[in-house]
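Report on the structure
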Amino acid sequence: MKQITSTQNPKVKKLSKLMSSSSYRRESGEFVLEGLRLCLDALNSEYELCEVYATPDMLSRYAGEIAPLIQKSKQSYEISKDVCQKISDTKNAQGIFCLCKILDKQNDSYKIDTSGKYILLEQISDPTNFGAVCRTAEAMGISGVIVCGGCDIYSPKVMRCAMGSLLRIPVIFANDVQDFLNHCKNVGIKTYASTPCDDAQNILDVDMCGGVVFVVGNEAQGVTQSTMDACNSRVTIKMQGKAESLNAAAAASIIIWEMMK
């Protein structure tokens, strides 16, 4: 195993930039996972594991767990504590990182299962909300999460908030959400837009049989009007008390439950 002790090493600079820059991740087609749990999740995922970086302490304490990562990766490196902290996105670096290839999902939006249940996240911008939805989606067993703008799923914070769910559940990217929803309707999938408006259909009365795509919108603006118009109908979660709306992650969790119950 090669050793890296300098924070000025080109590989260290590259990893640090990948951790902090969404545009650089897109440009290079790579992303970095930090922490043993996420790295092990990547081991059993469809993502290509390119390189592993770990401190001597991690290599000693978790030799058995890390061995398969080293075996599957193309290259592995032992890094110093200074290098570890330079790469890390957190105050308390976890001592292990994996460099992975971003999957090419440009045409996946038209490979949707016509009998599946999907949650579509339109411009969700809070990594905590995004991660919470993905964890609920995995826990409830829905067919996949569709992403339209918003969070970069390959950012370290989003990956941490999702706690590995983004490496385990199907994720589909819809660059043109209206075109995607029209395609869904053409192949017989029901499309619903969530809204806090009282005149929308009560979610308890919605037919969730067969294929369903349910849209949850941005935390501040909700589902855009153009996306709302592209759906079969608008649906609301009836509330009591004086709350005007639900947190995006809370609303998505209720929607997922109703789709899957």
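Residues numbered from 1 in each chain as written. Predicted model: local features only at pLDDT ≥ 70, side-chain atom pairs only at ≥ 80, totals over all residues. Heavy atoms only, no water.

In a beta sheet, neighbouring strands are held together by backbone hydrogen bonds and run either parallel or antiparallel to one another. The five strands lie next to each other as β1-β4-β3-β5-β2, forming an open sheet whose pairing is mixed. Sheet topology places β1 (2-4) and β2 (30-34) at the edges, where each strand pairs with a single neighbour. On average, each strand axis in the sheet is tilted by 25° relative to the strand beside it, whichever way the strands run. Contacting β2, β3 (49-54) and β5 (96-101), helix α3 (residues 36-43) runs over the sheet at an angle of about 35° to β5. (Pairing = 2+ DSSP bridges. Helix = DSSP H or I, 4+ residues; strand = E, 2+ residues; numbered from the N terminus. Axes fitted to C-alpha atoms, helices over the stretch in contact; angles between N-to-C directions. Contact = heavy atoms within 4.5 Å.)

Tallying each qualifying case throughout the model produces five aromatic pairs. Ring centres 6.1 Å apart and planes at 85° place the aromatic pair Y47 and Y154 in the edge-to-face group. Linking Y47 in the loop between α3 and β3 with Y154 in the loop between β7 (144-148) and α8 (156-162), this pair joins segments that are 107 residues apart in sequence. Three or more aromatic residues link up through ring pairs in this structure, and these residues are F31, Y47 and Y154. Over the aromatic face of Y24 sits the side chain of K17, whose NZ or CZ is 4.5 Å from the ring centroid. (Phe/Tyr/Trp six-rings, centres within 6.5 Å; stacked < 30°, edge-to-face > 60°. Lys NZ or Arg CZ within 6 Å of the ring centre and 35° of its normal.)

Next up on the list: empty space enclosed by the protein. Taken as a whole and judged by the stated rule, the model has one cavity of 30 Å³ or more. What the largest cavity holds in volume is close to 40 Å³. Of all the elements in the fold, those that place two or more residues in the lining of the largest cavity are β2 and α8. For the lining of the largest cavity, the residue count by class is five nonpolar, no polar and two charged. (1 Å grid on protein atoms, 1.4 Å probe; cavity = no way out; pocket = protein on both sides within 12 Å on 5 of 7 lines; lining within 4 Å. Points joined across faces, edges and corners; volume = space filled by probe spheres on them. Nonpolar A, V, L, I, M, F, W, Y, C, P; charged D, E, K, R; others polar.)

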